[in-house]
Amino acid sequence: MADINTLAKEFTQFYYTSFDAGNDERQKLVTMYRDNSMFTFETFNLQGASAIGQRLAEFPFQRIKHDPQTIDPQPVDGNSVLIMVTGDVYTDDDPPKKFSQVFLLKNDNGYFLYNDIFRLVL
């Protein structure tokens, strides 16, 4: 397995750069999910790349910026990586909010997002 700290840093940089770049770039993230992938965003629980892609297209904000403060990876079963991210998120002209996000990357001839859980910390 590649160095998980490097993997986690590169993955989160790619993910948040794509997510924050707008809907067209955000939709490219859908290719990282599979039909058995799970996505939780606050109270929304979705399964499958198609449903996740639809939700990614429906966010109400015009601008968003994630500012990760911590990125903590752990190996899982020697073939997957669990990544916990905390930081600040800025949407439109709203004050920043704290967030946490957990990713489980599974390796199946390349990594894909098996689980993705996002929560605002209020």
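The structure this text deals with has already been given above.
Residues numbered from 1 in each chain as written. Predicted model: local features only at pLDDT ≥ 70, side-chain atom pairs only at ≥ 80, totals over all residues. Heavy atoms only, no water.

Points about the overall build of the chain
Of the regular secondary structure elements, the chain holds three helices and six strands. Taken from the N to the C terminus, the helices and strands of the chain come in the order α-α-β-β-α-β-β-β-β. For the chain, the C-alpha radius of gyration of 14 Å lies close to 14 Å, the compact-globule estimate for 122 residues. In terms of principal-axis extent, the alpha carbons of the chain reach across some 40 × 30 × 25 Å. For the chain, with 122 residues in total, the buried portion stands at 41%. The contacts of the chain with a sequence gap of at least 6 include a subset with a gap of at least 24, amounting to 45%. Summed over its atoms, the accessible surface of the chain is roughly 7000 Å², and 51% of this surface lies on carbon and sulfur atoms. (Helix = DSSP H or I, 4+ residues; strand = E, 2+ residues; numbered from the N terminus. Rg over C-alpha atoms; globule rule 2.2 N^0.38 Å. Buried < 20%, exposed > 50% of the residue type's maximum accessible area, 1.4 Å probe, protein only. Contact = heavy atoms within 4.5 Å. Areas by Shrake-Rupley, 256 points an atom, 1.4 Å probe, with all protein chains shown as cover.)

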